[in-house]
Amino acid sequence: MRVPKLPVALRAYRYGLYLGEPAVAGLLAWRSRRGKEDPARLSERRGLPGRARPVGHLVWMHGASIGEALSLVGLIEGMITRGCSVLVTTGTRSAADLLSKRLPAGAVHQYMPLDAPRWIERFLAHWQPDLAIVAESEIWPNTIVSLHRRGIPLVLVNGRMSERSFKAWTRSPDTARALLARIAVCLVQTREDGERFARLGAPRISVVGNLKYDSAVPPADAQQVAYLGDMIGDRPVWVAASTHPGEDEVIARVHAGLKARFPRLLTVIVPRHPRRGEEVARVAAEAGLRVSRRAKGGRPLPSIDLYVADTLGELGLFYRLCPLVFLGGSLVPHGGQNPIEPVRLESAILHGPHVHNFHEPYGALDAGDGARMVADEAALLAAVAELVAEPRALAAMSARGQAALLPLEGAVARTFAVLEPYVAQMKLSARERA
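Residues numbered from 1 in each chain as written. Predicted model: local features only at pLDDT ≥ 70, side-chain atom pairs only at ≥ 80, totals over all residues. Heavy atoms only, no water.

Trainee: Explain the overall build of the chain residue by residue, including any values.
Mentor: In terms of regular secondary structure, the chain is built from 19 helices and 14 strands. Against the compact-globule benchmark of 22 Å for 434 residues, the chain has a radius of gyration of 23 Å, which places it among compact chains. Counting only C-alpha atoms and orienting by the principal axes, one finds that the chain spans roughly 70 × 45 × 45 Å. Long-range pairs, those at least 24 residues apart, make up 68% of the contacts in the chain between residues at least 6 apart in sequence. Surface exposure of the chain reaches about 18800 Å², of which carbon and sulfur atoms provide 54%. (Helix = DSSP H or I, 4+ residues; strand = E, 2+ residues; numbered from the N terminus. Rg over C-alpha atoms; globule rule 2.2 N^0.38 Å. Contact = heavy atoms within 4.5 Å. Areas by Shrake-Rupley, 256 points an atom, 1.4 Å probe, with all protein chains shown as cover.)

Below is the structure:
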């Protein structure tokens, strides 16, 4: 198929970043001073390698942040079993920190360079990937153009296109068509995603489902599970996970409202951003609750009402300890957080009305009565009270949630069914070069 020429807007973007490279470097320095970049590895964001390229076939996989990167783990493991090394890039420090504990042998991590042409070319010249795989909705124009010019196939996996993003792209149809035509194939989560990609000009699309349904459950330190489990004992406990500003106050008031009926109740809050731990603790204290913070060495002692788990990468620990999970980002219009992991760890799910970022799993869970939508603070209080008082009902709800998600699994196998020819071609080309 003939690939469209780059439209004027893309050429302007490309050459604008040639000229604007000093300004982009200044932006990186500013982000580093604010703690948003790793100063020790800032050069990686300019395309300078932090380590040597592995010998042999190399697949480059990119997931911008934590969710996207973790969705790739099944593909990373699969590529390694197929005899390939894997370079994994991310764009955030939190994703890099978490991946450092989750990547299997045979995979290395680097930060993704910003989309300045010279930086991307420098990155590709060093790593020389045989295949590039990008998760979800990361469309960086200069990266796509450079990969295409080098003849490196680019595959979009776990692709999604929200209605909002689709409308934004329709304002630049020539740009969307030129970029999507340079992607070897778009593997999307849902039929609706596929239709939007097709209407924007993507020539090759396959609906394979959501990789996150096949993701490994988040790990937890077994000693911490046993230690905190013994400390909590038979206290009723629930966790408000990945909360956002505006929700912590609600959680604190819900606990305060339940305290007379359940005086031994323990509420755990895991803020979406651990740096908000002090703020969450202050809000709870103002509600009259006794608080401790994990980041400060605090423990969920019997005297504690609300435990702030303001550490990174420990959701797996608290999902294992708490049979009831409220997922944040849903009482405020953020779009919700991923419910798949707590369901697979046998938790029942409560959530607010704003879950459009994960409409498919929440739709399946709500329809199967494995999750419950709570519209506001009063509904959340009533739901927690009901389920804390009825452990059997809580366990039955958890079982229904697991059953509701089973039909949605299998995306990793379907993705590899499409990727296998690219892997075979990569190995054939290597033999021909030898």
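Trainee: Account for the packing of aromatic side chains, naming residues and giving values.
Mentor: Summed over the entire model, instances satisfying the criterion amount to three aromatic pairs. Centre to centre, the rings of Tyr15 and Tyr18 are 5.7 Å apart; their planes meet at 25 degrees, and the pair counts as stacked. Of the two residues, Tyr15 and Tyr18 are both situated in helix H1 (residues 8-19); the distance of three residues between them amounts to about one turn of the helix. The ring of Phe416 is capped by Arg82, whose NZ or CZ atom sits 3.9 Å from the centre of that ring. (Phe/Tyr/Trp six-rings, centres within 6.5 Å; stacked < 30°, edge-to-face > 60°. Lys NZ or Arg CZ within 6 Å of the ring centre and 35° of its normal.)

Trainee: How would you explain the sheet that holds strand S14 (residues 371-373) if you had to name every residue and give the values?
Mentor: Read across the sheet, seven strands follow the order S10-S11-S9-S8-S12-S13-S14 without closing on themselves; strand pairing throughout is parallel. Looking at the sheet topology across the chains shown, the edges are occupied by strand S10 (291-293) and S14. Averaged over all neighbouring strand pairs, the angle between strand axes comes to 20 degrees, with direction disregarded. Relative to strand S11 (residues 306-308), strand S9 (residues 266-271) runs parallel, the two sharing three bridges. Each bridged residue has a counterpart across the sheet, and for Val268 the counterpart in S11 is Tyr307. Its contacts with the sheet place helix H13 (residues 277-286) against S9, S10 and S11, and it is angled at close to 170 degrees to S10. Docked against the sheet, helix H16 (residues 359-367) engages strand S12 (324-327), strand S13 (348-351) and S14, running at close to 100 degrees with respect to S14. (Pairing = 2+ DSSP bridges. Axes fitted to C-alpha atoms, helices over the stretch in contact; angles between N-to-C directions.)

Trainee: How would you explain the packing of helix H12 (residues 248-258) against H13 if you had to name every residue and give the values?
Mentor: Their axes nearest at 9 Å, the elements H12 and H13 cross at an angle of 35 degrees. For H12 against H13, the interelement crossing comes out right-handed. Across the interface between the two elements, Asp248, Glu249 and Ala252 of H12 pack against Val280, Val283 and Ala284 of H13. (Left-handed = near helix turned anticlockwise from the far one by under 90°.)

Trainee: Quick one: what's the story with H16, residue by residue and with numbers?
Mentor: Of the residues making up H16, those classed as buried are Pro361, Tyr362 and Leu365. For H16, the arc enclosing every buried residue in end-on projection is 95 degrees, short of the 170-degree limit, so these residues lie on one face. Counted as exposed and oriented over 90 degrees from the buried face of H16: His359 and Ala367. Those residues of H16 that are buried lie in contact with S12, helix H15 (340-344), S13, S14 and helix H18 (391-405). (Buried < 20%, exposed > 50% of the residue type's maximum accessible area, 1.4 Å probe, protein only. Arc of directions from axis to C-beta.)

Trainee: Describe the nonpolar core, and please don't skip the residues or the numbers.
Mentor: Side chains of nonpolar character tend, in soluble globular proteins, to be buried together. Met61, Met79, Ile133, Val155 and Val157 are the most contacted members of the largest nonpolar core, which has 33 residues in total. For this core, the element with the highest residue contribution is helix H19 (residues 411-433), accounting for six residues. Beyond its immediate stretch of four places on either side in the chain, Ile133 contacts Val59, Trp60, Met61, His62, Leu72, Met79, Val155, Val157 and Leu419. With 32 residues, the next largest nonpolar core counts Leu10, Leu147, Met161 and Cys186 among its residues. (Core = buried A, V, L, I, M, F, W, Y, C linked by side-chain atoms within 4.5 Å.)

Trainee: So what's going on with the side chain of Ser146? Residues and values would help.
Mentor: For Ser146, the position within the fold is in helix H7 (residues 141-149). A distance of 2.8 Å separates the side chain of Ser146 from the side chain of Glu121, its partner in a polar contact. (Polar contact = N/O pair within 3.5 Å; in protein donor to acceptor, adjacent residues only side chain to side chain.)

Trainee: Which residues make up helix H2 (residues 21-33), and what values do they have?
Mentor: Since the α-helix turns once every 3.6 residues, residues separated by three or four places project in the same direction. Over its 13 residues, H2 extends 19 Å from the first C-alpha to the last, a length consistent with the 18 Å expected when each residue adds 1.5 Å. Among the residues making up H2, those that are buried are Glu21, Val24, Leu28 and Ser32. Around the axis of H2, the buried residues are gathered within 85 degrees of arc, so they sit on the same side. Opposite its buried face, H2 presents the exposed residues Pro22, Ala23 and Arg33, each directed more than 90 degrees away. Residues of H2 that are buried make contact with H1 and helix H6 (117-127). With its phi angle positive at about 80 degrees, Gly35 sits one or two positions after the end of H2. (Expected span 1.5 Å × (residues − 1).)

Trainee: Help me get a handle on the sheet that holds strand S7 (residues 205-207), residues and values and all.
Mentor: The seven strands lie next to each other as S3-S2-S1-S4-S5-S6-S7, forming an open sheet whose pairing is parallel. On the outer flanks of this sheet lie strand S3 (107-111) and S7, each paired with one strand and no other. The sheet shows a mean angle of 20 degrees between the axes of neighbouring strands, taken without regard to direction. In this structure, strand S6 (residues 185-188) lies alongside S7, joined through three bridges in parallel fashion. Note that in S7 the partner of Val188 across the bridge is Val207.

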